[in-house]
Amino acid sequence: MKKFYDTETSFADAGDRKIAYRSYGKGKPIIFVNRFRGTLDTWDPLFIKMMAKKFNVITFDYSGIGSSTGNMAPDIAIVAKDVKDLADTLKLNTIIVLGWSYGGLVAQAVTLLYPNLVSHSILIGTNPPGKNEVPFEQVFLDAALKPINDFDDEVVLFFEPKSQISLAAAKASHDRIHKKIDVKKIPSTMEAFQVYFAGGDAFKEDILNFREQIKKTKIPILIISGDHDVSFAVENWYAIVNEMVNTQMIVYSETGHAPQHQYPEMTSKYIINFVKYTH
């Protein structure tokens, strides 16, 4: 019997490049937008499986990352076009966009640049646009910039090392992901890392004024964060969330940068209900 995580990789022809993607389930399309160094293989299969019970989950690799051709842009507004081009190629008129970490920055750009495309925006373990008070913790930089990450790095990067609950969840998630993963596809050079960081720096500069725009958008936004995220601290949302007009926020205790991997079933239920009951 074919395993859930054996879904084949397809390629969307976006003209100047081919975007690698996988599709799971049926329902409203929800495009997953990946983290720093993330590929098709680095999402937790259980989270995808739970979400695919209600949605058509579409995961993809950014241009120039993983199995996609082309080059990744150092500008998140341009990276956001990957999502738009993928949706257009698949003939999707309306999508839910779900962005994790760096992908949360991209998801915000998609939401604000293509408001007629996005019905709901799910932002996981990410920062709002503009300057934020709490920076990366040094432990994030120490682990994130290694050419290859091991399990101990994953614990620091995505979970809460001080919590036995989080440690157990880290091991379970790691084992699910590593049933099928092509580590060679994961970006591992400083040159590649710098492209991501350039995009993040430009998002902080906010020349397109996204910070003010996200306060005003009426597109429903769900923010999901751990209480100790070593890269994108949840505290950065506190300065802006009470000025947003159609937003809900969930914070998990004893949880790090990957709340959807620590609590895949619960997180999927929150998202499913959010989409069902907000407009």
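Scroll up to find the structure this text is about.
Thresholds, definitions, all that
- Residues numbered from 1 in each chain as written.
- Predicted model: local features only at pLDDT ≥ 70, side-chain atom pairs only at ≥ 80, totals over all residues.
- Heavy atoms only, no water.
- Phe/Tyr/Trp six-rings, centres within 6.5 Å; stacked < 30°, edge-to-face > 60°.
- Helix = DSSP H or I, 4+ residues; strand = E, 2+ residues; numbered from the N terminus.
- Buried < 20%, exposed > 50% of the residue type's maximum accessible area, 1.4 Å probe, protein only.
- Expected span 1.5 Å × (residues − 1).
- Arc of directions from axis to C-beta.
- Axes fitted to C-alpha atoms, helices over the stretch in contact; angles between N-to-C directions.
- Parallel < 35°, antiparallel > 145°, perpendicular 65-115°, else oblique.
- Contact = heavy atoms within 4.5 Å.
- Nonpolar A, V, L, I, M, F, W, Y, C, P; charged D, E, K, R; others polar.

**Describing the packing of aromatic side chains**
Alright, step 1. What the rule picks out here adds up to 16 aromatic pairs.
Alright, step 2. Aromatic side chains Tyr102 and Tyr196 sit 5.0 Å apart centroid to centroid with 80° between the ring planes, which places their arrangement in the edge-to-face category. Highlighted residues: Tyr102 in helix H3 (residues 102–113) and Tyr196 in helix H7 (residues 190–205), separated in sequence by 94 residues.
Alright, step 3. A relative accessible area of 2% means that Tyr196 is categorised as buried.
Alright, step 4. Judged by centre distance (5.3 Å) and plane angle (85°), the ring pair of Tyr252 and Tyr263 falls under edge-to-face. A residue pair is termed long-range when its members are at least 10 positions apart, and Tyr252 in strand S8 (residues 247–252) and Tyr263 in the loop between helix H10 (259–262) and helix H11 (264–277) qualify at 11 residues.
Alright, step 5. Owing to a relative accessible area of 6%, Tyr252 belongs among the buried residues under this scheme.
Alright, step 6. Here the aromatic cluster, defined as three or more aromatic residues joined through ring pairs, consists of Phe36, Phe60, Tyr62, Tyr102, Phe136, Phe140, Phe193, Tyr196, Phe197 and Phe232.

**Considerations on H11**
For an α-helix the count is 3.6 residues per turn, leaving residues at separations of three or four pointing the same way.
Alright, step 1. Taking 1.5 Å per residue as the helical rise, H11 with its 14 residues ought to reach 20 Å, and the 20 Å between its terminal C-alpha atoms agrees with that figure.
Alright, step 2. Buried within H11 are the following residues: Pro264, Thr267, Ser268, Ile271, Ile272, Phe274 and Val275. Axial view of H11: buried residues confined to an arc of 160°, hence all on one face. Residues Lys269, Lys276 and Tyr277 are exposed on H11 and point more than 90 degrees away from its buried face.

**Some remarks on the packing of helix H2 (residues 76–89) against H3**
Working note: a packed helix pair is described by the angle between its axes plus the distance between those axes.
Alright, step 1. Between H2 and H3, whose axes approach to 8 Å, the crossing angle comes to 80°. In this view, H2 runs roughly perpendicular relative to H3, as classed from their interaxial angle. Note on element contacts: H3 touches H2 through Tyr102, Leu105, Val106, Ala109, Val110 and Leu113, opposite Ile76, Ala77, Val79, Ala80 and Val83.
Alright, step 2. Broken down by class, the residue content of the contact of H2 with H3 amounts to 11 nonpolar, no polar and no charged.

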